[in-house]
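Letter by letter, the chains look like this.
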Amino acid sequence: MAELTEELSLVKGEQPAVPGKDGKDGAHPQPVAPAGKPPFDVPTGTPTVVVDDLHIVYRVYGAASDAEKGNAVNALTRILRRQGRPQMKEVHAVRGVSFVAYHGDAIGIVGRNGSGKSTLLRAIAGLLPPHAGAVYTDGQPSLLGVNAALMRELTGERNIVLGCYAMGMTPAEVREKYQEIVDFSGIDEFVQLPMSTYSSGMGARLRFAISSAKTHDVLLIDEALATGDREFRKKSEQRIRQIREEAGTVFLVAHDLRVIEETCNRVIWLHKGKIKMDGDPKEVLAAYNKG
Amino acid sequence: MSQPESAVADAQAGGRSGQEPLAKLAARYGLRRAIARPRFPAYVRQLWERRHFILTYATSRNVSKYSNSALGQLWQVLTPLLNAAIYYVMFGLILGGRGNIDNYPAFLLIGMFVFTYTQRTVTAGAKSISGNLSLIRALHFPRASLPLAYTIQELQQLAISMGVLLVIVIFTGEPITLFWLMMPLVLLLQTMFNIGAGLVMARLGSSMRDLNQLLPFITRTWLYASGVFFSIQEKVVGTAKLPQWVADTMYYANPAASYIEFMRDILISAHNPPGSVWISCVFWAVFALGFGFWYFWRAEERYGRG
């Protein structure tokens, strides 16, 4: 509810806010450097992620009319005639984003739903091919999250092993991390039961425990913090902080602006696939809250 | 409407490129493109490093597949058996497809089980990329892991079916010979072919969504062309009075028919396969595996796009 009103005010305040900011940014084309860090393009800060005029175009299938779908003869004629599917749509999710992230940065990404935050993360992780432009990275950035690899019908035990392998661990690493994951998630004897029997909080805790078991050079976190009860939230925030210290660079997407303000030293505001503002968390978040 | 925003973006991009193009900056610090297709040998090595994931994923899918049914894993045996029973009634008894075939139940069962393995792998392969987009968009791994895991999943099922098959074949009165030791070899060759075919189908299925609607037709035509419940030799040369080379081509050019014939040759003592069927078996295995990997790898970086 609070989020909704916040977004409503954002829609209203959109137009007047932009020209003022435009003038300010035009004068200083570079984003404001985080406090305590050298300004950009000074060789002392090592860039870890360079995003160069990135465009991402999604292909979306669906919204098919009932008459179109499922008729194999239609499908055959369409393939033979080499026609595109009428219901295929292209969504231009990220439209020309450029920035440089440095070693030790924790960058929060804010923006309304559908502004391209998650898409941008996936592109940095090298999971979505760019339509134009490029992402350059040092090492392999990883997205925090193995949800897609887990299977609800399987026991927590099997899912832990599966999730660890999906993240690229070796059998030795899996054996080493297994107990740690069970302990951290706090699901105890439920680990023997299928995940479909878990409460939503338990499932979320186990997923977070699995995904955060691996250390990464460049870590991308997409709304992982808002899970579980208060106690687990504290635990996971602490874990994130620890991961941040081990990782070179962290990107964080969250709707909870408080979390971003606490953990990030730089915030990028995405709006309709473009960077609207990039700089110090306080300034950007203040502008974002104002709309 | 978004004029002011694009002005901001342009100002930022322009302002920076005035100093140093970002691509150059990235090159100066040795940063690499986030999405780049590794060279082919490196790709195969990465795939080998992911063998535990591939195996676990295949097993997990098998376990979860039947977890909601009361009979559970028993269906892995029941499904091919029920299929074979239907085909036996349809083609063996009603349509009289058995002709002069010796030991028709074994003939039919071997054809069914061997063909089903290839058919299921091809069908699963076509969905392996398009049905796992969320996984591909979330985690990093060589994408060939998915079609490979699907093939291994089918192989695990086949292993059970083959056990049932052997029991039935012995029950029909076939003598156990040393030739039976060659069974794993045929399965290995067929698996090589299936992996290749699954990889090709995975890439096709990732871009051609309509393939899934079309596939049932293709596989059914393939089933009828593979001599699963009739003898190609008998129908083509005996009934249709066509020259012998037509029948030979149907055996050699169709990998499924080749593997079925090879397996029948091993298990049924009275069965007479076309002479050099093993050559086409080896050829299809090597060709499909090599081409499949190469063809799939060529589009590696594009699979996330959908």
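Thresholds, definitions, all that
- Residues numbered from 1 in each chain as written.
- Chains lettered and ligands numbered in written order.
- Predicted model: local features only at pLDDT ≥ 70, side-chain atom pairs only at ≥ 80, totals over all residues.
- Heavy atoms only, no water.
- Helix = DSSP H or I, 4+ residues; strand = E, 2+ residues; numbered from the N terminus.
- Buried < 20%, exposed > 50% of the residue type's maximum accessible area, 1.4 Å probe, protein only.
- Areas by Shrake-Rupley, 256 points an atom, 1.4 Å probe, with all protein chains shown as cover.
- Contact = heavy atoms within 4.5 Å.
- Pairing = 2+ DSSP bridges.

Caption draft 1: Inspection of the overall build of chain A at higher detail. Along the backbone of chain A there are nine helices and nine strands. For chain A, buried positions account for 51% of its 291 residues. A total of about 13,000 Å² of accessible surface is found on chain A, and carbon and sulfur atoms cover 51% of it.

Caption draft 2: Representation of the environment of Ile243(A). Residues and elements named next belong to chain A. Assignment of secondary structure puts Ile-243 in helix 7 (residues 230-246). Taking the relative accessible area as the measure of exposure, Ile-243 reaches 5% and is therefore buried. Each C-alpha atom of the pair Ile-243 and Gly-156 lies 23 Å from the other, and the pair is 87 residues apart in sequence. The residues touching Ile-243, leaving out its near neighbours within four places in the chain, are Ser-212 and Leu-219.

Caption draft 3: Summary view of the side chain of Ser130(B). Structurally, the position occupied by Ser130(B) is in the loop between helix 6 (104-128) and helix 7 (133-136). Residues within four places of Ser130(B) in sequence aside, it is in contact with Gly205(B), Ser206(B), Arg209(B) and Asn212(B).

Caption draft 4: Inspection of the pairing of strand 7 (residues 249-253) of chain A at higher detail. Residue and element names in this part refer to chain A. Across the five residues of strand 7, five count as buried, placing the element largely inside the fold. Residues Thr-249, Phe-251 and Val-253 line one face of strand 7 and the alternating positions Val-250 and Leu-252 line the opposite face, and both faces are buried. When strand 3 (residues 106-110) meets strand 7, the two strands line up parallel, connected through four bridges. If you follow Ala-106 over to strand 7, its bridge partner there is Val-250. Relative to strand 7, strand 6 (residues 218-222) runs parallel, the two being bridged by five bridges. The residue bridging Leu-219 from the neighbouring strand is Val-250, located in strand 7.

Distances and angles like these do not, on their own, reveal function.
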